[in-house]
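# Fold and geometry: a report
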Amino acid sequence: CPTALLSFSSSSPRLLGIEITALASGLLAVLGLFLLTIRRILDKRVYAVTTITDFFLLALLISQSAMGITISLSYRWGLTWFAGTLSPYLWSLIKFQPDSSHVLSLPSVIKFHIFGAFLIIGLIPYSRLIHAFSTPLAYLWRAPQVVIWNRRN
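Calculation criteria
Residues numbered from 1 in each chain as written. Predicted model: local features only at pLDDT ≥ 70, side-chain atom pairs only at ≥ 80, totals over all residues. Heavy atoms only, no water. Core = buried A, V, L, I, M, F, W, Y, C linked by side-chain atoms within 4.5 Å. Buried < 20%, exposed > 50% of the residue type's maximum accessible area, 1.4 Å probe, protein only. Contact = heavy atoms within 4.5 Å. Salt bridge = Lys/Arg side-chain N within 4 Å of Asp/Glu carboxyl O. Helix = DSSP H or I, 4+ residues; strand = E, 2+ residues; numbered from the N terminus. Expected span 1.5 Å × (residues − 1). Patch = residues over 30% accessible without salt bridge, like charges linked within 9 Å, V, L, I, M, F, W, Y side chains within 5 Å. Areas by Shrake-Rupley, 256 points an atom, 1.4 Å probe, with all protein chains shown as cover.

## Thoughts on the nonpolar core
If you look at the biggest cluster of nonpolar residues, it comprises seven residues: Ile 71, Leu 86, Tyr 89, Val 103, Leu 106, Ile 110 and Ile 114. In contact with Leu 86, not counting residues within four places along its chain, are Trp 81, Val 103 and Ile 114.

Below is the structure:
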């Protein structure tokens, strides 16, 4: 609910804390994605199973994080405009009555950020991100496996 979010962030120290935490998270995300990309390139076993889609998605995630950092540094108090501007737009999409008038007045970098998010969501089924939706819970209850070369006679 946008009003609850606006009420929560009405305190300046709380809003500043949220903004600093979001900026730090974005910086850590870029660092982590950069290190993941380097590992995918330098480790021969990992590189052998990496597809073009994986590299494209990594580049897209790095650019999304970088755009988020740019937005955080350039346009203050993103949490409040998110609640007032982007929430109604997302709600219109959920209701299957898209109303882009909410985002037309936003700066271009924010529009690209929104487009990038939809692109990432669209690529999930065709990339390794699909593993985020497959939790191997059966492993918790299955009997332990005995690997043949470790079995004692």
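## Here's the deal with the pattern of salt bridges
Inspection of every chain in the model, using the stated rule, returns one salt bridge. Between Asp 54 and Arg 128 there is a salt bridge; the shortest N-O distance is 3.0 Å. A residue pair is termed long-range when its members are at least 10 positions apart, and Asp 54 in helix H4 (residues 52–74) and Arg 128 in the segment after helix H6 (108–123) qualify at 74 residues. Note on Asp 54: relative accessible area 6%, which makes it buried.

## Quick notes on helix H2 (residues 12–42)
Compared with an ideal rise of 1.5 Å per residue, which puts 31 residues at 45 Å, H2 spans 45 Å between its outermost C-alpha atoms and is within 8% of the ideal. Taken together, the buried positions of H2 are occupied by Leu 15, Glu 19, Gly 26, Leu 33, Thr 37 and Arg 40.

## Points about a nonpolar patch on the surface
Together, Leu 28, Leu 31, Phe 34, Leu 35, Ile 38, Ile 41 and Leu 42 give the surface a local cluster of nonpolar side chains, amounting to about 710 Å² of exposed area. Structurally, the position occupied by Leu 35 is in helix H2.

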